[in-house]
Amino acid sequence: MIMTTRITRFAVALATSLAAFASAISPARAGGPIRINVETANSALKLFVAPEDSRLYELGYGAAKENYDFPKKLNRQEEFYPQYGDGFISQPALQITHADGNTSTSLAYVKRETSNLDPDIALTKIELKDPAYPLVVTLCLKAYRDEDVIEQWSEIRHEEPAPITMLRYHSAAPAIKAKDYFLTQFQGDYKREATLAEEKLTPGIKVLDSKIGVRATRYRIPSVIISLDGPAQEETGETFGASLCWSGSFSIEAELDWQNRLRLLAGINPVGQQYRLKPKETFKTPGVLWTWSDKGKGQVSRNFHRWAKKYGIRDGDKPRPILFNNWEATHTDFDDAKIVSLFDGAKDLGVELFLLDDGWFGNKHPRDNDRAGLGDWEVNRKKLPQGLEHLADEAKKRGLGFGIWIEPEMVNPQSELFEAHRDWAIVQRNREPELSRYQLVLDLTRPDVQQHAWKSIAGPVSTRGVSYVKWDANRYVTQPGSSYLPPDEQTHLMVDYNRALLALMSRMAKDFPDVMAMACAGGGGRTDYGTLKHFHSFWPSDNTDPRDRVKIQWGFGHFFPAATIGAHVTAMGNRPPKFACDVALSGAFGVDRDVSKMSAEERRAITNAIALYKSTLRQITSRGDLYRLESPYDGPRAALDYVMPDASKAALFVYQLADGEAKPVKPCGLDPKRRYTVRELNVAADSSPSDAKSVDGAALLRDGIPVPCRKEFDSAIFEISEAK
Ligand code: DGJ
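Residues numbered from 1 in each chain as written. Predicted model: local features only at pLDDT ≥ 70, side-chain atom pairs only at ≥ 80, totals over all residues. Heavy atoms only, no water.

(A) Region of interest: the pattern of salt bridges. Counted by the stated rule, this structure contains 56 salt bridges. The salt bridge partner of K125 is E155, with a shortest N-O separation of 3.8 Å. With K125 in strand β6 (residues 121-129) and E155 in strand β8 (residues 149-158), this residue pair connects regions lying 30 residues apart in the sequence. The buried category is assigned to E155, whose relative accessible area is 18%. (Salt bridge = Lys/Arg side-chain N within 4 Å of Asp/Glu carboxyl O. Helix = DSSP H or I, 4+ residues; strand = E, 2+ residues; numbered from the N terminus. Buried < 20%, exposed > 50% of the residue type's maximum accessible area, 1.4 Å probe, protein only.)

(B) Representation of the packing of aromatic side chains within the structure. Going through the model one piece at a time under the given rule, you end up with 31 aromatic pairs. Aromatic pair F304 and F559: ring centres 5.4 Å apart, planes at 50 degrees, arrangement tilted. Of the two residues, F304 sits in helix α3 (residues 296-312) while F559 sits in the loop between α11 (546-556) and β29 (566-569), which places them 255 residues apart along the sequence. The exposure class of F304 is buried, given its relative accessible area of 0%. Ring plane angle 85 degrees and centroid distance 6.2 Å describe the contact between F579 and Y655, whose orientation is recorded as edge-to-face. Separated by 76 residues along the polypeptide, F579 in helix α12 (residues 577-584) and Y655 in strand β33 (residues 649-656) bring together distant segments of the chain. As far as burial versus exposure is concerned, F579 and Y655 are alike and both buried. The rings of Y144, F186, F304, W307, Y311, Y529, F538, F556, F559 and F560 are connected pair by pair, giving a single aromatic cluster. (Phe/Tyr/Trp six-rings, centres within 6.5 Å; stacked < 30°, edge-to-face > 60°.)

(C) Spotlight on the nonpolar core. Counting 185 residues, the largest nonpolar core has I156, L356, W360 and F589 as its most contacted members. Element by element, the count of residues in this core is highest for helix α9 (residues 493-511), at 10 residues. Residue contacts for F589: discarding those within four places in its chain leaves P321, I322, L323, A567, H568, V569, C581, A584, A609, I610 and Y613. Of all hydrophobic cores here, the second largest spans 21 residues; its members include A647, L652, Y676 and L700. (Core = buried A, V, L, I, M, F, W, Y, C linked by side-chain atoms within 4.5 Å. Contact = heavy atoms within 4.5 Å.)

(D) Quick peek at the domain arrangement of the chain. On domain assignment, one finds that the chain holds domain 1 (2-24 + 31-178 + 222-312), domain 2 (325-479 + 518-622) and domain 3 (625-722). On a C-alpha basis, the centres of domain 2 and domain 3 stand 33 Å from each other. Contact residues are listed per partner, giving 25 residues for domain 2 and 29 residues for domain 3. Together, the buried faces of domain 2 and domain 3 total about 2,400 Å²; carbon and sulfur atoms form 72% of this surface. When the buried surface of domain 2 facing domain 3 is broken down by residue, W554, K578 and I620 rank first, second and third, together holding 31% of it. Here domain 2 and domain 3 share 0 salt bridges between them. Scanning the region where domain 2 abuts domain 3 turns up 7 residue pairs in polar contact (both at pLDDT 80 or more). Mapped onto the side of domain 2 that touches domain 3, the elements with two or more residues apiece are α11, α12 and α13 (600-623). (Domains from an automatic or database assignment. Buried area = accessible area lost by both parts, 1.4 Å probe. Polar contact = N/O pair within 3.5 Å; in protein donor to acceptor, adjacent residues only side chain to side chain.)

(E) Examining the sheet that holds β33 more closely. What the 6 strands build is an open sheet, ordered β31-β32-β33-β36-β34-β35; its pairing is antiparallel. Strands at the two margins of the open sheet, each flanked by one partner only, are β31 (625-630) and β35 (693-696). Each strand axis lies, on average, 25 degrees off the axis of its neighbour in the sheet, ignoring direction. Relative to β35, strand β34 (residues 675-681) runs antiparallel, the two sharing 4 bridges. The residue of β35 that forms the bridge with R675 is D696. (Pairing = 2+ DSSP bridges. Axes fitted to C-alpha atoms, helices over the stretch in contact; angles between N-to-C directions.)

(F) Spatial organisation of the environment of L47. As for its placement among the helices and strands, L47 is situated in strand β2 (residues 43-49). Its relative accessible area of 0% is what places L47 among the buried residues. Setting aside residues up to four positions removed in sequence, L47 forms contacts with I34, R35, I36, N37, L56, Y57, E58, L59, F80, I126 and L141.

(G) Region of interest: the pairing of strand β27 (residues 516-519). Side chains of β27 alternate between two faces, with M516 and M518 and A517 and A519 buried alike. Pairing of strand β26 (residues 466-471) with β27 involves 4 bridges; the strand directions are parallel. Bridged to Y468 within β27 is M516. In terms of handedness, the path from β26 via α9 over to β27 forms a crossover that is right-handed. Pairing of β27 with strand β28 (residues 537-538) involves 2 bridges; the strand directions are parallel. When the sheet's bridge partners are listed, M518 is paired in β28 with S537. (Right-handed = clockwise from strand over helix to strand, strands pointing away.)

(H) Highlighting the site of the ligand. With respect to spatial proximity, 13 residues lie near the ligand, and among them D357, D358, D472, G523 and D542 are the closest. Here a nitrogen atom of the ligand sits 2.6 Å away from a polar atom, N or O, in the side chain of D472. In the model, an oxygen atom of the ligand is placed 2.8 Å from a nitrogen or oxygen of the G523 main chain. Burial of the ligand by the protein chains amounts to 98% of its free accessible area of 290 Å². Residue classes in the shell around the ligand are distributed as 4 nonpolar, 3 polar and 6 charged. (Near = heavy atom within 4 Å. Areas by Shrake-Rupley, 256 points an atom, 1.4 Å probe, with all protein chains shown as cover. Nonpolar A, V, L, I, M, F, W, Y, C, P; charged D, E, K, R; others polar.)

(I) Local environment of helix α8 (residues 447-461). Taking 1.5 Å per residue as the helical rise, α8 with its 15 residues ought to reach 21 Å, and the 21 Å between its terminal C-alpha atoms agrees with that figure. Every buried residue belonging to α8 is among V449, H452, A453, W454, S456, I457, A458, P460 and V461, and all of these are buried. (Expected span 1.5 Å × (residues − 1).)

Below is the structure:
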């Protein structure tokens, strides 16, 4: 079947009497190819080991029912996890310099095993080995059947006489074949996070990456969508999604080769991150999540959401509390009386938890602005003489939970911490330290810094009455130097940092299982599934103008479920209160606005919105499946609906972003055979609600719902429930 005259690497290995290593390799060369299928309900990744050379090749990734022909001739470009230096000529997933200086790696199949971890999850491990060196690479593929998600990572281990140097060590590099490929990335910057940009790929390598060490997401999230043979559609077309579980510097490389094959490499960014791996140590790359659908990027998103709620975030099925966060209301300018005065307003609105933001700590260097105090995690005695417990008690008296802001990875030079431990900060020797937001990043590779960071977390979080934490990170690394790592391991800094970071996050989740957590990084700078595994939600942006927020939520919603996307009503943009509330109601609702400064209309709008969120919308948006109906990128309005998995109920949101026509909005996801009642919710105080209508599902899907939106900042929400 597979024809080749090539003298195989495996044979060479035998011939050169490296039998000690080769003996562990199972004889893939006898008989036909070994097939390895990694399957989910609708998709499959199909691999094979060629008998001629014992290498692992990819047949295809796509529909489970797809039958790929075995190639008539082996093509090294179709290797599943390509290695540098021994015949493969494109962008490699793995590039190693061995202890003896050999710059090539060659991986042959040893064995595979699949274990069913539970009825939904099967883990396939494929062991590959370099016949000439004691180097083993295990490719791990975890298939989540019902969610159509495959998580892939690699484990690299060797027993060479000295460390090997890993120059590239991507987590995965599957190849796809189609006529055309369209890549959607989610790029941006502070205050304009997760902006969609789609392009048709042309030959060459398109690199989407981050080199900023921590909080990968400042300029783009480590997640992409690939659509085959046309721009991505919402509900049709073959589409892939990829999301890397890593908060550090990443690279996603899309290489379109001369045979029109697309390889998508995802993993830790090789730039500045060479890693010397010691003998007998195992290097585990971060996981990358893949999903495939022939129902467009809408289904790709729903696959990620379902996976996340079950496996990817903390307490995926637990309702997120309605927050009142004081950042935009007060910044660091507050005291005990001010905060307590905010509690009453928050309570009257119906809020469930008060989240005290930045500014509560530091004594010698009080945190009265962002120039000082970071690192000194004692309560500021002047601002809060009775301590955090008192605030938590006062919140409790009003039926509010109490949460606290921390930024445990950072330090202001103007702090007691820095005065005592200058060498704890990440800086480059012989360079002028570069500050951003007047702060530096602590070197989490140091055990003493890890201990300090843990105290900075556990101290505030274990305060009596604290049931929520917001973990912020307001700068990134531009001078990656460590006073702790030896010269030949300086390039380990940001990899080891992120491992230590994930360990701290994991410890927090484990030691404080009842404390809910929000990830934040100067807005939405840390939104990846490595981080989110340990959090309940994230703060997507410091841009809370609801006009812009529609797009920001739209972008993040491609990968993350609504309940994870913090969406607060604030004064930013000075938009109509109903519009601001309607936008926040399609995410994890909250408020960040001094109630005493609100107009009566604003207060009424937010109180009504909160009541509605509690009675209806929180359940539908967090449990329902998302359908994006009209993109804010394509026209003057945005529309989306969330449909309960049994299609018995839905909530539909429309946001008018510029003047336009009042055309009906067509929902998706409903059952055409059922009858539904459509009712407008959150009707503006000055308009009268239209009567609830009973409509056939088929007619609803075909004709849509007439909406009262025409002018910029008009908005509407509909509840669609199965008629009794
Ligand atoms: C950046 C965050 O995005 C804000 O919400 C706020 O927590 C500030 N940091 C506090 O410094």
